[in-house]
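# A structural walkthrough
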Amino acid sequence: MIIVNYIAAFFLITLGFYTIVTKHNMIKTVLGLSIADYGVNLFIVSVGFKPGGTAPIFTWSELNPETFFVDPIPQALTLTSIVIGACVTAMSLALVIKLEEGYGTTDTREIRRLRG
């Protein structure tokens, strides 16, 4: 079952990079960046997953040799990445809005042609 997560993460990262490279609309480029970010988050969470593992919340009486926990570090990194990704997306869309107000288009080829 975990292999499906890796395949989905690879697909999202590939789709995001494909969108960033091939699309000339700046809004689609920002969406591609967000999709790639979601793929990386899925990959990080999948790496930290252990089948049958429990949450790393315990008391000393609950600890025994056969108990194992899911690694909390990838979850914390993913949570931080989600917040940073939301901020980057918001800032990128604000920049796109300002560029559209200034140049009247969101097409990167057209903005390069104007130069000034």
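Residues numbered from 1 in each chain as written. Predicted model: local features only at pLDDT ≥ 70, side-chain atom pairs only at ≥ 80, totals over all residues. Heavy atoms only, no water.

### So, the overall build of the protein chain
The cut-off we apply is this: Helix numbers and strand numbers start at the N terminus; a helix is a DSSP run of H or I with at least 4 residues, a strand a run of E with at least 2. In this description the radius of gyration comes from C-alpha coordinates, and the expected globular size is given by 2.2 Å times residues to the power 0.38. Only protein chains enter the accessibility calculation, which uses a 1.4 Å probe; a residue whose area is less than 20% of its type maximum is buried, one above 50% is exposed, and one in between is partly exposed. It only takes one pair of heavy atoms within 4.5 Å for two residues to be counted as in contact.
Assigned secondary structure in the protein chain consists of four helices and zero strands. The linear arrangement of helices and strands in the protein chain, starting from the amino end, is α-α-α-α. The C-alpha radius of gyration computed for the protein chain amounts to 20 Å, which surpasses the reference 13 Å derived for 116 residues by more than 25%, pointing to a less compact arrangement than a globule. Referenced to the eigenvectors of the C-alpha coordinate spread, the extents of the protein chain come out at roughly 70 × 25 × 15 Å. When each of the 116 residues of the protein chain is scored for burial, the buried share is 20%. Taking the contacts inside the protein chain whose residues are at least 6 apart along the sequence as the reference set, 53% of them involve residues at least 24 apart.

### What to know about helix H3 (residues 72-103)
For clarity, the cut-off: Here, expected helix span is obtained from the residue count minus one, scaled by 1.5 Å.
Taking 1.5 Å as the rise per residue, H3 with 32 residues should run 46 Å; its terminal C-alpha atoms sit 46 Å apart, in good agreement. For H3, every residue scored as buried is listed here: Pro74, Thr78, Ser81, Gly85, Ser92 and Val96. Structurally, H3 contributes buried residues whose contacts are with helix H2 (26-48). After H3 finishes, the residue Gly104 shows a positive phi value of roughly 80 degrees.

### Considering the environment of Pro56
Secondary-structure assignment places Pro56 in the loop between H2 and H3. Under the relative-accessibility criterion, Pro56 is labelled partly exposed at 34%. Sequence-wise, Pro56 and Leu12 are 44 residues apart; in three dimensions their C-alpha atoms are separated by 29 Å. In this structure, Pro56 is in contact with Phe69, Val70 and Pro72, ignoring residues within four places of it in sequence.

### A short note on the side chain of Ser46
With respect to the helices, strands and loops of the structure, Ser46 is situated in helix H2. What makes Ser46 buried here is its relative accessible area of 2%. Excluding anything up to four places from it in sequence, Ser46 contacts Ile2, Asn5 and Tyr6.

Fair warning: the whole summary comes from geometry, so function is off the table for now.
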